[in-house]
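Given next are the chains, with one letter for each unit.
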Amino acid sequence: MTDSATSNDALTDEPLLRLTGVSKVFGTVAAVKNVNLDVRPGEHRALIGPNGAGKSTLFKLVTGQLPPTDGSIVFGGDDVSGWPAFRRARVGMAMTFQHSNLFDDLTVRENVTLAVQRQRGRAGRVLTPLRREREVHERVAVLLEESKLSVHADRPAGALAHGQRRRVEIALAYATEPRLLLLDEPAAGMSPGEIEDFLDLLLSRPNLTFVMIEHNIDLVMRIASSISVLDAGEIIAEGPPASIVASEAVQVAYLGSAGKGTAQ
């Protein structure tokens, strides 16, 4: 195993992320049950399901915030099942959270700068060569421009509107040069205009692989190349958007008569 990310993900048909028999039990409650999931390079996967289906728990298992009770998680060919979250981040796994996770007292530029420095292994270093500092500033400028945040660069993050904060979070994730981006309800609380800005930013990197938990089905249908449906901790359907919409099992789960989930 190695902590160095490879650059040839798009050249192989092998899954970038593979979950095999993944389960998580809390006491007597099985929040996630025997989940098998393959996410291939460049795929835009949506994870949907009724409230309490276990979606957020599954994300925490993938990112290393929780250890699985059973099963294996393979990322980029490495079994990362026992790896802590920071080690998974080092090899290209990034996540945005349902609730903003920014330094509100720092400016947008400072938030992004910290992310770039961390990605380059220079967080907390005071004395660094001028050339390297210039490279950091140039990288920050590119990320701010890409995220349409240049005009807000010197504003405190705490003063931003909700949609703007979401764009900062994506910029922080992009600073790590992720191979896989996991997004937990990224459009929650956004206005229609903010959602359009968010989509433009997310799709500005068409080769980026991402998995997204999202309750906005219209958004899912627009952005996802494939959908997995979770109910009561189990995947009950999987496939392209059109087949998922037509699935009777999915319709029943969302209507609630089959929604048995108790753990989010």
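For the structure itself, consult the block above.
All values derive from a computational prediction rather than experimental measurement.

Draft legend 1. Examining the overall build of the protein chain more closely. Assigned secondary structure in the protein chain consists of nine helices and ten strands. Among the 264 residues that make up the protein chain, the fraction classed as buried is 49%. Once local pairs closer than 6 in sequence are excluded, the contacts in the protein chain between residues at least 24 apart make up 69%. Approximately 12500 Å² of the protein chain is accessible, and the part contributed by carbon and sulfur atoms is 53%.

Draft legend 2. Structural detail: the packing of aromatic side chains. This structure, assessed with the given rule, holds zero aromatic pairs. In this structure, K24 is placed above the aromatic ring of F26, and the distance from its NZ or CZ to the ring centre is 5.4 Å. The cationic tip of R179 hangs over the ring face of F75; the distance from NZ or CZ to the ring centre is 5.1 Å.

Draft legend 3. Geometry of the packing of helix α5 (residues 162-175) against helix α6 (residues 192-202). For the pair α5 and α6, interaxial distance at closest approach is 9 Å and the crossing angle is 10 degrees. The angle between the axes of α5 and α6 places the two elements in the roughly parallel class. Counting all contacts with α5, which are made through H162, G163, R167, I170 and Y174, the residues of α6 involved are E194, D197, F198, L201 and L202. Along the lines of polarity and charge, the residues of the contact of α5 with α6 split into five nonpolar, two polar and three charged.

Draft legend 4. Representation of the sheet that holds strand β4 (residues 70-75). Taken together, four strands build an open sheet; the order of strands is β2-β1-β4-β5 and the sheet is antiparallel. Both edges of this open sheet fall to β2 (29-39) and β5 (78-79), since each of them pairs with a single strand only. Bridge analysis of β4 against β5 gives two bridges, and the strand direction is antiparallel. Counted as the bridge partner of V74 is D79 from β5. The strands touched by helix α1 (residues 55-63) within the sheet are β1 (17-26), β2 and β4, with β1 carrying the most contacts at an inclination of about 120 degrees.

Criteria and thresholds
Residues numbered from 1 in each chain as written. Predicted model: local features only at pLDDT ≥ 70, side-chain atom pairs only at ≥ 80, totals over all residues. Heavy atoms only, no water. Helix = DSSP H or I, 4+ residues; strand = E, 2+ residues; numbered from the N terminus. Buried < 20%, exposed > 50% of the residue type's maximum accessible area, 1.4 Å probe, protein only. Contact = heavy atoms within 4.5 Å. Areas by Shrake-Rupley, 256 points an atom, 1.4 Å probe, with all protein chains shown as cover. Phe/Tyr/Trp six-rings, centres within 6.5 Å; stacked < 30°, edge-to-face > 60°. Lys NZ or Arg CZ within 6 Å of the ring centre and 35° of its normal. Axes fitted to C-alpha atoms, helices over the stretch in contact; angles between N-to-C directions. Parallel < 35°, antiparallel > 145°, perpendicular 65-115°, else oblique. Nonpolar A, V, L, I, M, F, W, Y, C, P; charged D, E, K, R; others polar. Pairing = 2+ DSSP bridges.

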